[in-house]
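# Residue-level structural notes
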Amino acid sequence: MSENHEGNRTARDRLVQQRERDRARERRRRTLIVASAVVGVLGLAAVVGLIAAEAGKDDGGSGAGPAVAPSGATGEEALTLRVGPADAPSTLTIWEDFRCPVCAQFETAFRKTLHDLQSSGRIKVEYHLATIIDGNVGGSGSLRAANAAACAQDAGKFADYHDVLFANQPAESDDAFARNSKLIELAGKVEGLDTPAFRSCVEGGTHDSWVQKSNTAFGDGGFQGTPTALLNGESIFPSKDGQQISEANLKKWVAEANKGKEPAKVTPTPSAS
């Protein structure tokens, strides 16, 4: 009797142990399946990322064909839109995003000073366009507005339209500039800009790839955000040498940079809208 009981207990123990071994094997099998799936997903993501990166090298990351630079664009890879005399003694380089609220504040605060410095031949301003708000917030207003500004450059009216866009900038969360109809409506505020050629350029996204290429250059430049303002290559926003930027300081910094240099001769032009 005792031997039978002992034998039954031993059999039960062996069955329990076998079941535990079976469960352990099943857990290992499931773990292996999950791990393989994760590795596969990561591998696929790496491949997709590599494909996207390689595609971006071909056309600036636009995915929309070759970059078409606007008329009169200058600088490396024709990514610069210059306002002011080419032979001005100093250069103010500005990176901006038309959806960027701080850019609008910068333009509002310094528009008159910049116009005065340009019209007096003391500086030229070289604008570069970025689309970081589209990436941060979502939408396409930065891209659409920048393309429209490049279309205005084709018509020789970039400076005026640039000012109109910032003066009529929607709230950052409102992607109103994503509507071509809104951009064309604002073109009506610039004399002679709202033409069939301008509309076709805006609606066709003629310069989309060029804008994307400019945004890629912004990222490659290691800049921290928009606006970025450089006077002869030295950052002046939000400060320079411990002094906060202001209209008075901006004029002083330009005067110091231009010391001993003659301003460019400028033909008077109508003020910006």
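Residues numbered from 1 in each chain as written. Predicted model: local features only at pLDDT ≥ 70, side-chain atom pairs only at ≥ 80, totals over all residues. Heavy atoms only, no water.

The protein chain is annotated in an unreviewed UniProt entry as Protein-disulfide isomerase of Streptomyces fulvorobeus.

Glancing now at the overall build of the protein chain. On a plain count of helices and strands, the protein chain comes out with 9 helices and 7 strands. Within the protein chain, the fraction of its 273 residues that count as buried is 38%. Long-range contacts, defined here as pairs at least 24 residues apart, represent 75% of the contacts in the protein chain between residues at least 6 apart. Summing over all exposed atoms, the protein chain offers an accessible surface of approximately 14900 Å²; the carbon and sulfur share of this is 53%. (Helix = DSSP H or I, 4+ residues; strand = E, 2+ residues; numbered from the N terminus. Buried < 20%, exposed > 50% of the residue type's maximum accessible area, 1.4 Å probe, protein only. Contact = heavy atoms within 4.5 Å. Areas by Shrake-Rupley, 256 points an atom, 1.4 Å probe, with all protein chains shown as cover.)

Residues of strand 4 (residues 228-231) alternate between two faces, with Thr-228 and Leu-230 on one and Ala-229 and Leu-231 on the opposite face, all of them buried. Inspection of the sheet shows strand 4 paired to strand 5 (residues 234-235) by 2 bridges, in the antiparallel sense. Each residue of the ladder has a partner; that of Leu-230, found in strand 5, is Ser-235. Two successive antiparallel strands, strand 4 and strand 5, enclose a turn made up of 2 residues, where Asn-232 displays a positive phi of approximately 50°. (Pairing = 2+ DSSP bridges.)

In this section: the packing of helix 4 (residues 141-154) against helix 7 (residues 196-204). Two measures define how a pair of helices packs: the angle their axes make with one another and the distance between the axes. Where helix 4 meets helix 7, the axes come as close as 9 Å, and the angle between the chain directions of the two elements is 150°. Relative to helix 7, helix 4 is oriented roughly antiparallel. Crossing hand, helix 4 versus helix 7: right-handed. Seen from helix 4, the contacting residues are Arg-144, Asn-147, Ala-148, Cys-151, Ala-152 and Asp-154; seen from helix 7, they are Phe-198, Cys-201 and Val-202. Of the residues in the contact of helix 4 with helix 7, the class split is 6 nonpolar, 1 polar and 2 charged. (Axes fitted to C-alpha atoms, helices over the stretch in contact; angles between N-to-C directions. Parallel < 35°, antiparallel > 145°, perpendicular 65-115°, else oblique. Left-handed = near helix turned anticlockwise from the far one by under 90°. Nonpolar A, V, L, I, M, F, W, Y, C, P; charged D, E, K, R; others polar.)

This part is about unusual backbone geometry. Each neighbour pair has its own omega, and for Thr-226 with Pro-227 the value is -5°, a cis peptide bond. Cis peptide bonds are those with omega within 30 degrees of zero, and the linkage from Phe-237 to Pro-238 qualifies with 10°. By secondary structure assignment, the location of Pro-238 is in the loop between strand 5 and strand 6 (239-240). Phi at Glu-77 is positive, roughly 55°, even though this residue is not glycine. Position of Glu-77 among the secondary structure elements: in the loop between helix 1 (2-59) and strand 1 (81-83). Even without being a glycine, Asp-241 presents a positive backbone phi close to 50°. Note that Asp-241 resides in the loop between strand 6 and strand 7 (243-244).

Of all the positions in helix 7, only Phe-198, Cys-201 and Val-202 are classed as buried. Viewed along the axis of helix 7, the buried residues span an arc of 95°, placing them on a single side of the element. Seen from the open side of helix 7, the exposed residues pointing more than 90 degrees away from its buried face are Pro-196, Glu-203 and Gly-204. The elements touched by buried residues of helix 7 are helix 4, helix 5 (158-167) and helix 6 (180-187). In the segment just after helix 7, Gly-205 is the residue with positive phi, at about 60°. (Arc of directions from axis to C-beta.)

Taken as a whole, this structure holds 9 salt bridges when the rule is applied. Asp-163 is paired through a salt bridge with Arg-111; the nearest N and O atoms lie 3.7 Å apart. Taken as a pair, Asp-163 in helix 5 and Arg-111 in helix 2 (residues 101-119) lie far apart in primary sequence, 52 residues in all. Residues Asp-163 and Arg-111 agree in their burial class; the two are buried. Among the salt bridges present, the one from Lys-240 reaches Asp-241, with a minimum N-O distance of 3.0 Å. (Salt bridge = Lys/Arg side-chain N within 4 Å of Asp/Glu carboxyl O.)

Where helix 2 contacts helix 9 (residues 247-257), the two axes come as close as 10 Å, and the packing angle between them is 25°. Our classification of the angle between helix 2 and helix 9 gives roughly parallel. For helix 2 against helix 9, the interelement crossing comes out right-handed. Judged by residue contacts, Ala-109, Phe-110, Thr-113, Leu-114 and Leu-117 of helix 2 engage Glu-247, Leu-250, Lys-251 and Val-254 from helix 9. For the contact of helix 2 with helix 9, a count of residues per class yields 6 nonpolar, 1 polar and 2 charged.

Moving on, we get to the nonpolar core. By size, the foremost hydrophobic cluster in this structure holds 51 residues, and its most contacted members are Leu-92, Phe-98, Leu-114, Tyr-161, Leu-165 and Phe-198. Looking at which element gives the most residues to this core, the answer is helix 4, with 8 residues. (Core = buried A, V, L, I, M, F, W, Y, C linked by side-chain atoms within 4.5 Å.)

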